[in-house]
Amino acid sequence: MEPHGGRRTKCYGFSQNERIRKRKDYERLKRKGKRIRGKHFIINYAENGLECHRLGLVVPKRCFKKAVERNRLKRCVREWFRLHKHDIDEPYKDLVVIAIGNIEDLSCRKVAKELCGLCSSAGLGRFVLRL
RNA sequence: GGAGUAGGCGGCAUGAUCGCCCUGCACAAUAGCAGGGAGGAAAGUCCGGGCUCCAUAGGGCAGGGUGCUGGGUAACACCCAGUGGGGGCGACCCCAGGAAAGUGCCACAGAAAACAGACCGCCCGCCACCUUCUUUAAGCUAACGCAUGGGACAUGUUACGGCGGAUUGUAAGUAAACCGCUUAGUUAAAAGAAGGUGGUGGGUAAGGGUGAAACGGUGAGGUAAGAGCUCACCAGGUCCUGCGGUGACGCAGGAUGCUUGGCAAACCCCACCCGGAGCAAGACCAAAUAGGGGAGCGCUUGAGGGUGGCCCGCCCGAUGCUUCCGGGUAGGUCGCUAGAUCCCUCUGGUAACAGGGGGACCAGAUGAAUGAUCAUGCCCCGGUGAGAUUACCAUCGGGAACAGAACCCGGCUUAUGACUUACUUCACCU
RNA sequence: UGGGGUGUCGCCAAGGGGUAAGGCACGGGUCUUUGGAACCCGCAUUCGGAGGUUCGAAUCCUCCCACCCCAG
């Protein structure tokens, strides 16, 4: 239940190969991936055939004008993925989280709550809020 | 205490857990240990440099920038110190080459908007016309008066008349001559005077309700009317001389009647400065694929190409010979952080700053790191409670700004919460 | 990140120191039984914002704001 010591610590890391870093991957997910649409986020996902889940982020400058806001939102989503990636069912998938619209309250708790709800309703797994 | 002016410092702290990036250490399957990890504005990209390539950045034109003086600096549109002008009660703040080189613009209004002087007006001369008066000589008409007639009124009379006066004369009066008075209109000619209207030739710039801005101001003399035309005082300009200052400039004295609008953030002139692009610059390694490409030497023409807008200049350059195997896209590495650096101190300088000594190492990502959660404390705001208010204490809730490095520096500008120093001014208390 | 450009009525826009053209739309009227069309009238307290130069700025200068494009 608690993230602090309940499991082994290295399970909650977020290393380089857990990130989507290529333009081709983003375009593949945009064309062929499945899509869930929430109030503030869109999630594209598809199976990747690798050993782990991967996360990609899109935060358009059109919706968030200041660099501080964009960076903060990315950190919140990364924090959610770091703590909840073991709740996603296998096989391993690529996820792209796209932020849309204005989120007034940028707290990590609200972002995680909405993303957990969104993934649960899409049948990606059983999510437990860990913040 | 209120209002204000000019600055300064620093931009919550500590701990725990889970994470991210870099460096180092060992180690080689992950993993582990140690150290470090956003800002004063990192922002806007408005200036100036470094660095890289183009030729080592060269000449001319075009274009751009700066603009009181002196200094600082790698450089600047920045900073410091001063000069002059303007604003504010004041602390303080703002502005700055040239308009008597040239061109242009100044709507509407106004006589006129930039340099000559035109228009109205004022004055003088001449011409024409008109009016009035006078004179030269009268004439005509009507009236007053008078006479006659009569009911209102009509007729006659414009002087040889009427009225008055006084003189002579007379006893006194009358009468004649003498003097004065006797209305208005009108006609023709000539001359003169005054005035007016129009035209024309000159003299003037005193005055002309306008406008953002109008040709120095006041007074006196002067004149046909006037005018710096002359004079006195005041304001300004130009020139000269002396003194002080590196200089902008200041002070003092003298000469000159010189009085000449504003706009150069309009073109422009003058002085000084600027080659172009930008780390996605540029250099190196190098799959797949397609097929050639590079280096050196020689020679005539030198098409064409290489860098900024153009010209010059410079470099490469068709073909031949020799020789070599490489070039380039995805991707990767370097550039990439030790520097006009920071801290302390001494010396020089009013200061900006410069120099010397000692110490320190302080982000380097690239789909892009510096975060999340929890606890405690500090600060601010609000509520409640205790105490008569404030301060202070307890408790609950909320808040803690602006904002995120992307090659690096120096400035400017903009955004922004709290604290604090000096000074000005107002009010109150002593 | 770097380099360029544009903001004028609800929309498209001209004007580059002297009263902000025009078209579409909108509102009112004429015409018509009514609507459309046609015709007439109206509609910018000020040109993205703030300072400055000027007698006077949409226009010239400076600084901000918003939007768009290009390079990868």
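A brief structural summary. All values reported here derive from a predicted model rather than from experimental measurement.

## Some details on the overall build of chain A
Looking only at helices and strands, one finds three helices and four strands in chain A. Residues counted as buried form 40% of the 131 residues belonging to chain A. Of the contacts made within chain A by residues no fewer than 6 positions apart, 78% connect residues no fewer than 24 positions apart. Total accessible area on chain A is roughly 8500 Å²; 48% of this is exposed by carbon and sulfur atoms.

## Some words on the environment of lysine 30
Tracing the backbone through its elements, the reader meets lysine 30 in helix α1 (residues 23-32). Along the chain, lysine 30 and isoleucine 43 lie 13 residues apart, while their C-alpha atoms are 9.9 Å from each other.

## Considerations on the pairing of strand β4 (residues 93-99)
Counting buried positions along β4 gives six out of seven residues, so the element sits mostly inside the fold. Bridge count between strand β2 (residues 41-47) and β4: seven bridges; the pairing is antiparallel. Directly across from asparagine 44, in β4, lies its bridge partner valine 96. As paired elements, strand β3 (residues 54-58) and β4 share five bridges and run parallel to each other. In the strand pairing of β4, glycine 56 is matched with valine 96.

## Thoughts on the nonpolar core
Grouped together as the largest cluster of nonpolar side chains are 26 residues, with contacts concentrated most on Phe41, Ile43, Val77, Trp80, Val97 and Leu115. Those elements that place two or more of their residues in this core are β2, β3, α2 (67-84), β4 and α3 (108-121). Here the element with the most residues in this core is α3; it accounts for six residues.

## Examining the layout of surface pockets
Its volume calculated, the largest pocket comes out at about 260 Å³. Along its surface, the largest pocket is lined by Arg23, Tyr26, Glu27, Leu29, Lys30, Arg35, Ile42, Asn44, Val58, Val96 and Ile98. Among the elements of the structure, α1, β2 and β4 are those that each provide at least two residues to the lining of the largest pocket. Of all the elements, α1 adds the most residues to the lining of the largest pocket, at five residues.

## A word on empty space enclosed by the protein
Applying the stated criterion to the full structure yields one cavity of 30 Å³ or more. Taken as a whole, the largest cavity spans an internal volume of roughly 40 Å³. What lines the largest cavity is Phe41, Leu57, Val58, Val59, Leu73, Lys74, Val77, Val97 and Ala99. A total of three residues in the lining of the largest cavity trace back to one element, the largest contributor, which is α2. Here the residues of the lining of the largest cavity are counted per class, giving eight nonpolar, no polar and one charged.

## Description of the sheet that holds strand β1 (residues 34-37)
Ordered in space as β1-β2-β4-β3, the four strands form an open sheet in which the pairing is mixed. Looking at the sheet topology across the chains shown, the edges are occupied by β1 and β3. With strand direction ignored, the average angle separating the axes of adjacent strands in the sheet is 20 degrees. Relative to β2, β1 runs antiparallel, the two being bridged by four bridges. The residue bridging lysine 34 from the neighbouring strand is tyrosine 45, located in β2. Set on the sheet, α3 makes contact with β1, β2 and β4; between it and β2 the angle comes to about 50 degrees.

Parameters and conventions
Residues numbered from 1 in each chain as written. Chains lettered and ligands numbered in written order. Predicted model: local features only at pLDDT ≥ 70, side-chain atom pairs only at ≥ 80, totals over all residues. Heavy atoms only, no water. Helix = DSSP H or I, 4+ residues; strand = E, 2+ residues; numbered from the N terminus. Buried < 20%, exposed > 50% of the residue type's maximum accessible area, 1.4 Å probe, protein only. Contact = heavy atoms within 4.5 Å. Areas by Shrake-Rupley, 256 points an atom, 1.4 Å probe, with all protein chains shown as cover. Pairing = 2+ DSSP bridges. Core = buried A, V, L, I, M, F, W, Y, C linked by side-chain atoms within 4.5 Å. 1 Å grid on protein atoms, 1.4 Å probe; cavity = no way out; pocket = protein on both sides within 12 Å on 5 of 7 lines; lining within 4 Å. Points joined across faces, edges and corners; volume = space filled by probe spheres on them. Nonpolar A, V, L, I, M, F, W, Y, C, P; charged D, E, K, R; others polar. Axes fitted to C-alpha atoms, helices over the stretch in contact; angles between N-to-C directions.

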